[in-house]
Amino acid sequence: MKERHGYKMKLKNHRGFILLLLLLIIPLVADSNYLYSTLVIIGLYAIIVQGLGILMGYAGQISFGHAAFFGLGGYTAAILTTRFQWPTLLALLASAILPGIIAGLIGRQTLKLRELYLALATLSFGILVHIIFNEGRELTGGPSGMSGIPNLSIGSFQFDSDQKFYMLVWLILLMLLIGIYNLVHSRTGRALCSIRESEYAAENAGIDCARLKLHAFIFSALLAGLAGGLYAFYVTFISPSPFSFHTSVQFVLMAVIGGLGTFWGPVIGAVVVVALNELLREIVPLLIPGAGGEYQIIIYGVILVGLMIFQPKGLSGIGQYFRIPLKKQLKTDVKIRG
Amino acid sequence: MGEQLLQLLFTGLTLGSIYSIIALTLVTTFNVTGILNLAQGEFVVIGALLAVSLQGTGMPMIAVFIVSVILVAILGGLLERLTIYRARGASNLSMLIITIGLSISLRGLALLIWGTETYSLPAFSEGGSIIVGGAALNPQSIWIFALVAVTLTGLYGFFGHTFWGKAVKASVYNQTGARLQGINLNTISFLAFVAAGGLGAAAGVSIGPITMVTYDMGFMLGVKGFVAAAIGGLSNVGGAVIGGILLGILESFSSGLISSGLKDAISMIILLGVLLFRPEGIIGAIRERKI
Amino acid sequence: MKKITMRLRSKLWLVLLLVLSLLISACSPTKEADVKSAGGNEPYKIGAVLDISGNSSSLGVPERDTLLMMVEKLNANGGVKGHPIDLTIMDNKSDETESVLAVKTLIEKGALAILGASSSGTSMAMIKTVESEKVPMISLAAASSIVEPTSERQWVYKTAQSDIVMINKIISYLKKNNLNKIAFLYMNNSYGDNGKKAISAAVKDSGIDIVAEEKFDANDKDMTPQLTKVKASGAQVAIVWAIPPSASILTKNFKDIGLSIPLIHSHGVGNQKFIELAQGAADGVILPIGKLSVTQQISDNDSQKKVLESYIADYSKKYNAEPNSFGGYAWDAFNLLVNALEKAGPDRVTIRDELEKTQGFVGISGVFNMTPQDHNGLKEDSAVLVQVDQGKWKLIE
Amino acid sequence: MLRIKNLGVYHGYVQAIRELSLEVKEGELLAVLGANGAGKSTLLGTVAGLYKPTAGEIIFKGKPITGQKPEQVVRQGISLVPEKREIFSALSVLDNLMLGAFHRYRKNKPVLMNDIQEILELFPALKGRESDQAGSLSGGLQQMLAIGRGLMSRPALLMLDEPSIGLAPLVVREIMSILVKLKKTGVTIILVEQNTKSALKVADSVLVMERGGITHSGNSVDIIADSSIQEAYLGRAR
Amino acid sequence: MLLELSGVTKHFGGIAAVKDIGFSVAEGSIVALIGPNGAGKTTLFNIITGTLPPEKGSIVIKGRDIVGLKPFEIASAGITRTFQNLQLFSNMTVLENVMAGAHLRSKKGFIRSFFTFPGNCREERKIREESLALLEDIGLVETAGLFASELPFGKQRLLEIARALASHPGLVLLDEPAAGLNPAETEILTVYLKELKTKGTALILIEHDMQTVMEAADRIVVLNFGQMIAEGTPAEIQANTEVIKAYLGEDEKIA
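Scoring rules and cut-offs
- Starting from 1, residues in each chain are numbered consecutively following that chain's sequence as written.
- Note on labels: chains are lettered from A, ligands numbered from 1, in written order.
- Totals for whole chains, interfaces and linings use all residues, but because this is a predicted model, local features are given only for residues with pLDDT of at least 70 and pairs of side-chain atoms are given and counted only at 80 or more.
- Heavy atoms from the whole structure form the basis of all side-chain values; hydrogens and water molecules are not counted.
- The criterion for strand pairing is that DSSP finds at least two bridges linking the strands in question.
- Secondary structure is summarised from DSSP: a helix means a run of H or I of at least four residues, a strand means a run of E of at least two, and numbering begins at the N terminus for each.
- Fitted lines through C-alpha atoms serve as axes, helices being fitted only where they are in contact, and the angles separating the N-to-C directions of these axes extend from 0 to 180 degrees.
- Throughout, a residue-residue contact means that at least one pair of heavy atoms, one from each residue, lies within 4.5 Å.
- UniProt positions are given in the numbering used here, feature names are shortened, and annotations may be inferred rather than shown by experiment.
- Each helix should span, by expectation, one fewer than its residue count multiplied by 1.5 Å.
- Distance and chemistry together define a polar contact, namely a pair of N or O atoms within 3.5 Å, with one atom able to donate a hydrogen and the other to accept it when in protein, and with adjacent residues in sequence counting only for side-chain atoms on both sides.
- Any Lys or Arg side-chain nitrogen found within 4 Å of a carboxyl oxygen on Asp or Glu counts as a salt bridge.
- Note on exposure labels: buried denotes an accessible area under 20% of the residue type's maximum, exposed denotes more than 50%, and partly exposed covers the range between, all computed with a 1.4 Å probe on protein chains only.
- To qualify as a nonpolar core, a set must consist of buried Ala, Val, Leu, Ile, Met, Phe, Trp, Tyr and Cys residues joined through side-chain atoms within 4.5 Å.
- Under the pairing criterion, centres of Phe, Tyr and Trp rings, with the six-membered ring standing for Trp, must be within 6.5 Å; the plane angle then separates stacked pairs below 30 degrees from edge-to-face pairs above 60, leaving the rest tilted.

Caption draft 1: The arrangement of the sheet that holds strand β10 (residues 213-219) of chain D in detail. All names here are of chain D. On the basis of which strands lie adjacent, the open sheet formed by six strands has the order β6-β7-β8-β3-β9-β10 and mixed pairing. Only two strands of the sheet have a single partner each, and these edge strands are β6 (78-81) and β10. Taking each pair of neighbouring strands and ignoring which way they run, the sheet shows an average axis angle of 15°. Bridge analysis of β6 against strand β7 (residues 157-161) gives four bridges, and the strand direction is parallel. Looking at the pairing, Val81 lines up with Leu160 of β7. Helix-sheet contacts for helix α5 (residues 139-151) involve β6 and β7, and the interaxial angle to β6 is about 170°. Of the strands in this sheet, β3 (29-34), β7 and β8 (188-192) touch helix α6 (residues 169-184), which is tilted by about 155° from β8.

Pasting the structure below:
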């Protein structure tokens, strides 16, 4: 759901960004590699889920195959640097572009499908790509994966520490956030929303739905690929297993938990899911002595179900509890107009 | 060569019987509640694991079958009341995610109770495989087909010929309309999940002897069932069965004749083809025209 | 306008809250295995990253159980030179990304060394971190690429026999019995893949031909199609690189379709479960295996016999179940580390150096002799060939 | 017959009905008129149990039915023919009618068939199309089917929400004449209409709603005479 | 002529939904399309807007044949529409609905949308002001900040009309704009439609409310079972016996 002040379009609310920036400085003080790497992972997921959020939340097109783009990005970076000795920065660029191109190729046909059928089609695409990772042994190293991916470097500057990587990833994310903020508050954002609401009416209002959906799909694939490339350079080892169907589901969960069609939703979703996982790993053994992963899994599932029951619009919708009753709302609207 | 093809066909039928029983349970819930229950695979696993435990107490197999069906049916109903019922009115996507959450929790529960070990269940009938024309057919798959046939007949009978069946169908087509006629949707959704649990457990106990049982195999079974159901048109019970058998045969022949590593790829390509060119499924189109 | 700010703020509070809780959690104490007894000396912190849930949980769980048992026992006996061991075990859910996060947490908390992970992929994902942070790590997984090339794996060791050890055992059996047309079937994951790589390398120039090569998925429910191809290929023997349940299903299918050539499995099926699941079809299966499963049958002169017996006794007493080779890997890793700790004290660099100097360490999987070029240290004598006979392992040598 | 006291209903943050009281006498045909968003459909929906009231009481035949679910309300003898008709478009006409009697018969097929015959007599246009799919019917026939289905539960009170919407003038007249026929059989009817003229032709008494409350009520003759209402709801004299 | 139809034909499963339809709409005029339910009126709308392809016939707007174009291309050729079953963007505000309707009035694409160039802001401001003015005209400006789903039904109908007008089309197809409106509201609508006409927007109107039709329409086209049975001025149609028999009914007195 789009925020109600959508028609007040000026970038008056920089506050969200400022707070985010402040928050991002805290870890620099804390100086903990664990925190950095958790934040790197969160940042990577947030990049992916931002793209997925545009696709799902705004354009209303579900995808259960984004782990494939994530993986395609990762493998592109890995293969280009280890097998063809490309410079890392160039490989990173390619890791975003290639998934984008593939999305462009498959999108036109696939995006004609709706809802569950689209979910199924993207799911099968995801599984197909995963099989290719496993089977393309000469190129991908098969199930055992590839190691020896170099560190990302710009000139002689190497992103070799968690801290540097943390800053890189969140800088990229921040820039993306600003771009996406502009996007969703623009003509294009509005057109995307109208596709979600009624493709039929949107088309009759002169919006080229097929093209716009394709653009959103390509965009989300680009972001997933970029995150994949960053992942490969960060972990320096890559194998098919992190790019399975489970991961695609995880991305959808993040998008939905954060809140579809909201600006901050994807970031919130990525933070919450990763943080929840980490927290459960820490807290559960304290509460239930001797507990292993099984309790974590159960609790994670229960929290997920609970969220969907009590907060089906996602966490970023929590703000609605503070909503001013409609009457006042109406008055302010009139005043703004006057 | 002929012998080899026959063997592949038999294997395909065995796999197909597994996929179709799961697709059948998925489609039944989907038809009645509009919810694609991704926890269906977990019902299957829990049914089978319960059967393993019950069988350990020395119960006869028939009693084991019945008790685990009843227990999982209760579990299905319970979960519906606890989750789906409370979330009623939420979007399809929310419901889908609720079932994902359920499947995650159930998997954790199974891990907690039964651990990571793999269990086996005894076949319904004694004796090894039946040799036909030099190829071996697993007798358990005949049992599974019997279960599929019984379920299918039951479903057709219920929806086609009973007043209640029509009421359920009506509630699928138009919820408000159904409520205004006095049809209680909550009861129907509840019963659908009871049925899903029971059928899932029945499927689990009968496929267990072939597949073995581990706590985490539900997800993969669910996905395969999902694919089979989609090939059959997602809302068509007959289609689900045919889709399942087709998927099984496809997998068997592609791994036997082409490459075992690519068999899933081939079935995915078929699925994509079906979705893009015949989104109603292979059977759906025919049925739709009849109406 | 007010409302909007309010909504924004409420959302951001949430983010703030979560990030804060993350921070707190990063600094809070975690689950600790018993740190009782052992005089007031400061405990030695070590960490373990295991695949306790997820795909490879059948590996991680016995490893966790073994480690918990070992720590308890060690601390009850006074720990390492009076220092109790403070072991933190983390579950990576068989996921590589989680593995990276877990190992970083442990290093952050001052772990002197890392045990794990359980499978090759999750172990590989951790290597960059331990190499750059300079923390010794002992993997429990088999793939030789974990410790090779040692020039890039200064800090990484492993306790499971490399596939080549097992393969060589099989090759010599084939040669002895004049079998030179083999069919190779393997699981389509890194375990099977490593087996495949090892055997392709081993049969080169040995006069043995691979006449059929088939793979199957860990989730597959019926391997008859692959076996049908094997049947048609004229192979004299079938070698399978897989773990249960798929290995058991395959064995059942093997018998069902009436294949009568010898069936050789890998050490991946080296537990009673495999036989149980194959429901009688396992009889006659030959496989290379660590000595743990046939402890009673090995000669009393074998240097490992005593160690094996005591592990079995301890484990069965505590968990009322037979230990398996995965637990054995954990046993070896833990004791190798304790040995190094005893000599080196709480210093990562010296621990690494001591690990590399390990000679003649008698463990569950074999006798370890580490060198700067060999971070596994096991030779062919660490494995034996066994055959399943009426549901029991029988030593054949 | 039906008494409503101080009813209040919210849709989210919007109060759709406020402090509404009314009474319907047995055997009468009450027309409810009013602008869009006046709360007419909400009123019917609330009586039928589709919406939960936040305040007030609904009493039917002396029994309170406030807050009951639709499936319970219909058992009390109240039937709603909703604005969107909500027929089961993929089922046959016959099945639609049968399901209208869902809570009454279930097993007693002869009685059921007899009832269906009666309904078909009332709507001769549906005759011969029993096995057609309901969705394939024209708008007018669908409306008749919806009314027929509503009657299958043998209601004491029949509520119709804009039965004339989207229908050609000819068909509207046919439906109105059926309502008159029905009234003669003793069924109490509440008719919500935008088509003021048609409604006033058949109604005994009339309610006019505005912003969730009642502004005028009386018998139809008086209302037609009231010039202020003329202006607001009937349009200029035309 | 703004729009010219000739020989437009479409079958559904053997039954002619529309057959051999041909009429034309002059610039700035109102044509009403009447006929019993199921006569093919909405089907004709779907064909004109490109949602359904016709089997035969030509549809020419301003001399350009638009058969085979996609709906959005037809919209950019200057034809927009409203829907019988409302197709509002429910989870967007009233203003956003209209601004989305004005999609064709601006050009910014996917990539440019990421940046806040001054040109983008200017374009955005222009669209917003135009849309607010449109809402002012149709009487919805006070609800600009509400979600479309929060409007009462009648206002939703008006909003749909506003959205259809937002791209400044030459021709708007209105599918039962008065359905669900009471006579007083209908009257306001009728006045508004006539006003639009004087501003130069042509309309095709499907409507059952005969008063509106007779009052607003310049010409009336009557369909029955997919065929055109009459075309003419309101007076001609009212006198046409075939129309009376098929649709209006004998005793209906009109105006």
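Back to the text.
Caption draft 2: Representation of the UniProt feature "domain: Leucine-binding protein" (unreviewed entry) in chain C in the model. Mapped onto the present numbering, the UniProt feature "domain: Leucine-binding protein" (unreviewed entry) falls at residues 43-391 of chain C. Between the C-alpha atoms that bound residues 43-391 of chain C the distance is 45 Å, and the span itself is 42% helix and 17% strand.

Caption draft 3: Inspection of helix α10 (residues 237-258) of chain B at higher detail. Given a rise of 1.5 Å per residue, 22 residues ought to cover 32 Å, and the 30 Å separating the end C-alpha atoms of α10(B) matches this to within 8%. The opening residue of α10(B) is B:Asn236, an N-cap whose side-chain oxygen sits 3.0 Å from the backbone nitrogen of B:Gly238.

Caption draft 4: View of the pattern of salt bridges. Evaluation of the coordinates by the stated rule reveals 44 salt bridges over all chains. Close ionic contact of C:Lys197 with C:Asp193 constitutes a salt bridge, the shortest N to O distance being 3.7 Å. A residue pair is termed a helical-turn pair when its members lie 3 or 4 positions apart in one helix, as C:Lys197 and C:Asp193 do in helix α6 (residues 190-203) at four residues. On the basis of relative accessible area, C:Lys197 is assigned to the partly exposed category, the value being 45%. The buried category is assigned to C:Asp193, whose relative accessible area is 1%. The salt bridge involving D:Lys127 is made with D:Glu121; its shortest N-O contact spans 3.0 Å. Classification of D:Glu121 as partly exposed rests on a relative accessible area of 49%.

Caption draft 5: Representation of the nonpolar core. Counting 342 residues, the largest nonpolar core has A:Leu230 and C:Ile114 as the members making the most contacts within it. The residues touching A:Leu230, leaving out its near neighbours within four places in the chain, are A:Leu44, A:Ile47, A:Leu92, A:Leu152, A:Phe165, A:Leu168, A:Val169 and A:Ile172. Ranked by size, the runner-up nonpolar core spans 111 residues in total, among them B:Ala136, C:Ala183, C:Leu341 and C:Val386.

Caption draft 6: Quick peek at the packing of aromatic side chains. For the coordinates displayed, the defined rule picks out 36 aromatic pairs over all chains. Between the aromatic rings of A:Tyr36 and A:Tyr166, the centroid separation amounts to 5.4 Å while the plane-to-plane angle is 35°, which identifies the pairing as tilted. Pair noted here: A:Tyr36 is in helix α2 (residues 33-58) and A:Tyr166 is in helix α7 (residues 162-184), with a separation of 130 residues, a long-range link. Residues A:Tyr36 and A:Tyr166 agree in their burial class; the two are buried. Centre to centre, the rings of C:Phe184 and C:Tyr186 are 5.7 Å apart; their planes meet at 25°, and the pair counts as stacked. Just as C:Phe184 is buried, C:Tyr186 falls in that class too. The structure contains a cluster of three or more aromatic residues connected by ring pairs, namely A:Tyr45, A:Phe70, A:Tyr75, A:Phe133, A:Tyr231, A:Phe243 and A:Phe251.

Caption draft 7: Region of the structure containing the sheet that holds strand β2 (residues 85-91) of chain C. Residues and elements named next belong to chain C. The strand order β2-β1-β3-β4-β5 describes an open sheet built from five strands, whose pairing is parallel. The sheet terminates laterally at β2 and β5 (156-158), the two strands that pair on one side only. The sheet shows a mean angle of 20° between the axes of neighbouring strands, taken without regard to direction. Pairing of strand β1 (residues 44-50) with β2 involves seven bridges; the strand directions are parallel. By the bridge assignment, Leu50 is partnered in β2 with Asp91. Contacting β1, β2 and β3 (114-116), helix α3 (residues 96-108) runs over the sheet at an angle of about 175° to β1. With respect to the sheet, helix α11 (residues 325-344) is in contact with β1, β2, β3 and β4 (137-139), its orientation differing from that of β1 by roughly 160°.

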